[in-house]
Amino acid sequence: MSETRLGRRAFLSVLGLGAVGLFAGSRLSGAAAPLGSLVPNDLSNLVTSGGWRIYAISPPWPAFDPAKWTLEVTGEVENPLRLTYDELLALGSEHQTTDFHCVTGWSVSAVRWEGVRLASLWERARPKSTARYANFVSMEQPYVDTLTMDQTTLPGVMLGHGMDGKPLSRAHGAPVRLVMPAMYGYKNVKWLRRIELTRELRPGYWEVNGYDVDAWVGRSNGY
Amino acid sequence: MPGLAAPTATETYVRRFSPAERSLHWLLATTFLAMLATGLILSLPSLAEVAANRQLWKSVHLGAALAFWLGLLGLMSAEGLELRQTAREIDSFDEDDRDWLRWSVTREGFEPPQGRFNAGQKLTAAIVAGLMVVFTVSGVLIYLQETNAAFRGRTSAILVHDIATWVSIPLILGHIYLATLNRSTRHSLRGMIRGTVRRDWARRHHPKWEETL
């Protein structure tokens, strides 16, 4: 009886498909993206997560207590602030749709954010002329990251308190996170509790671990 | 066995899987399930909410992968000759096997007689072996691009790792269903646990192998 090495062929076919996926995957998934819209939303949220991966550095995730939480603005400012959640929301509500890119290689396109522009915050806090950097301190310790004062007012930068039509969830940094779409996700500090303006650069959590301070999407961290 | 009658035949057991084969199976089963569970926790926000300790799950995930390859290396150095023989058996498809694959789709006529592994098992084993390599290569690339800038933006390692997962889940679910719930095939689980199966079951499902015993 004639024998064929079908097992080997199947094995090598899987390897071949894997290799094609590795090197042509981004083009293929772009072409296949319309298929994703055929999957019911609830199911795709449960199963594919809309592309999100939840990264945190020190479990458990910080919990948001509306009665106790405040956002402080301190450091090189004329008028230090301590805002409650309601006071923060009262600073205005801007909407934007921007893409989110993680430095590890995944992206989520067209995230609908709602939030407060940093400029509104600076109007109240009145940064001193000596303020050069804004440090965004998370409730999740010791997470912190930083932008230059100029970067905080670039288009698309906001303190996001709503995402995709709902209040920001715990996984995404409730009650408020920094949204900086032109930079990788690690700059988009979750679970914010304090913004400290400083004269000197204080590298963020991941920057101490070797990532770029200016985390421009597509132009930093080896991309 | 002269005058072999059905009632006594059910009492006779024949050995289907060697200790080395069973060890390899359970090595893959435990490490794969550990990687699947921790991998889902790492990638799905709906599960990450339950288990926020990312570092822990990542360590278990990588540890299980390492355990699989070290275990495989150990088994190959101890029982390599025998396991390579098993691999050859899985690799080679005769005419009956090719007919069986057609039959499994069309279900026309009688089931073509099968050896110790049926053609579906052989094909699945070969695909799973391929998936283990794809998982490992894409997984190493994910690890490298998380830790080293030089590897970023070069490959779609996350996409490939994800697709391999979504291919593996139905395979593993079907496999467990056939081994535990499906009435006619679930006896095979005994072969993977104790090594032996009933001779009459072997004759019905794997006649070409049974008649060589």
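Notes on the structure follow. This one's a predicted model, so the numbers in the text were calculated from it and none came from an experiment. (Residues numbered from 1 in each chain as written. Chains lettered and ligands numbered in written order. Predicted model: local features only at pLDDT ≥ 70, side-chain atom pairs only at ≥ 80, totals over all residues. Heavy atoms only, no water.)

### Digging into the interface of chain A and chain B
Buried accessible area, meaning the area lost when the parts come together, often serves as the stated size of an interface.
Item 1. Taken residue by residue, the interface counts 40 residues in chain A and 44 residues in chain B.
Item 2. Each partner contributes to the roughly 3,600 Å² buried at the junction of chain A and chain B, and carbon and sulfur atoms together form 62% of this total.
Item 3. Linking chain A with chain B are three salt bridges, by the criterion used here.
Item 4. We note a salt bridge from Arg5 of chain A to Asp91 of chain B, for which the minimum N-O separation is 3.7 Å.
Item 5. Our count for the chain A to chain B interface comes out at eleven residue pairs in polar contact (both at pLDDT 80 or more).
Item 6. Of all the elements in the fold, those that place two or more residues in the side of chain A that touches chain B are α1 (6–36) and α2 (41–47) of chain A.
Item 7. Element by element, the count of residues in the side of chain A that touches chain B is highest for α1 of chain A, at 14 residues.
Item 8. The residue makeup of the side of chain A that touches chain B, split by class, is 22 nonpolar, 13 polar and five charged. (Contact = heavy atoms within 4.5 Å. Buried area = accessible area lost by both parts, 1.4 Å probe. Salt bridge = Lys/Arg side-chain N within 4 Å of Asp/Glu carboxyl O. Polar contact = N/O pair within 3.5 Å; in protein donor to acceptor, adjacent residues only side chain to side chain. Helix = DSSP H or I, 4+ residues; strand = E, 2+ residues; numbered from the N terminus. Nonpolar A, V, L, I, M, F, W, Y, C, P; charged D, E, K, R; others polar.)

### Here's the deal with the packing of helix α6 (residues 119–147) of chain B against helix α7 (residues 157–180) of chain B
All names here are of chain B.
Item 1. Axis separation between α6 and α7 bottoms out at 9 Å; the angle between their running directions is 150°. As judged from the angle between their axes, α6 and α7 are roughly antiparallel. Considering only the axes of α6 and α7, their crossing is left-handed. Of the residues in α7, those in contact with Thr124, Ile127, Val128, Leu131, Val134, Phe135, Ser138, Gly139, Leu141, Ile142 and Gln145 of α6 are Ala157, Ile158, Val160, His161, Ala164, Thr165, Val167, Ser168 and Leu171.
Item 2. Broken down by class, the residue content of the contact of α6 with α7 amounts to 13 nonpolar, seven polar and no charged. (Axes fitted to C-alpha atoms, helices over the stretch in contact; angles between N-to-C directions. Parallel < 35°, antiparallel > 145°, perpendicular 65-115°, else oblique. Left-handed = near helix turned anticlockwise from the far one by under 90°.)

### A word on the sheet that holds strand β2 (residues 81–84) of chain A
Residues and elements named next belong to chain A.
Item 1. Pairing is mixed across the open sheet formed by five strands, whose spatial order is β2-β1-β10-β5-β6. Two strands lie at the open edges of the sheet, namely β2 and β6 (144–148), each paired on one side alone. In this sheet, neighbouring strand axes are inclined to one another by 15° on average, regardless of whether the strands run parallel or antiparallel. (Pairing = 2+ DSSP bridges.)

### Topic: the environment of Tyr85 of chain A
Residues and elements named next belong to chain A.
Item 1. In this structure, Tyr85 sits in helix α3 (residues 85–89).
Item 2. Counting along the chain gives 76 residues from Tyr85 to His161, while the straight-line C-alpha distance between them is 9.5 Å.
Item 3. Discounting residues that sit within four places of it in the chain, Tyr85 has contacts with Phe64, Trp69, His161 and Pro175.

### Let's talk about α7 of chain B
Item 1. The terminal C-alpha atoms of α7 of chain B, which comprises 24 residues, lie 34 Å apart, in line with the 34 Å expected from a rise of 1.5 Å per residue.
Item 2. Among all positions of α7 of chain B, only Ala157, Ile158, Val160, His161, Ala164, Thr165, Ser168, Ile169, Ile172 and Ala179 of chain B are buried. (Expected span 1.5 Å × (residues − 1). Buried < 20%, exposed > 50% of the residue type's maximum accessible area, 1.4 Å probe, protein only.)

### Some details on the packing of helix α5 (residues 95–106) of chain B against α6 of chain B
Residues and elements named next belong to chain B.
Item 1. At a minimum axis separation of 8 Å, α5 and α6 run at an interaxial angle of 90°. Classified by the angle their axes make, α5 and α6 are roughly perpendicular. For the pair α5 and α6, contact is made by Asp97, Trp100 and Leu101 and by Ala119, Gly120, Lys122 and Leu123, respectively.
Item 2. Along the lines of polarity and charge, the residues of the contact of α5 with α6 split into four nonpolar, one polar and two charged.

### Points about the packing of aromatic side chains
Item 1. Counted under the stated rule, the structure contains 16 aromatic pairs over all chains.
Item 2. Grouped by ring-pair contacts, the aromatic residues Tyr143, Tyr186, Tyr205, Trp206 and Tyr211 of chain A constitute a single cluster.
Item 3. Lying across the ring of Tyr13 of chain B, Arg190 of chain B places its NZ or CZ 3.9 Å from the centre. (Phe/Tyr/Trp six-rings, centres within 6.5 Å; stacked < 30°, edge-to-face > 60°. Lys NZ or Arg CZ within 6 Å of the ring centre and 35° of its normal.)

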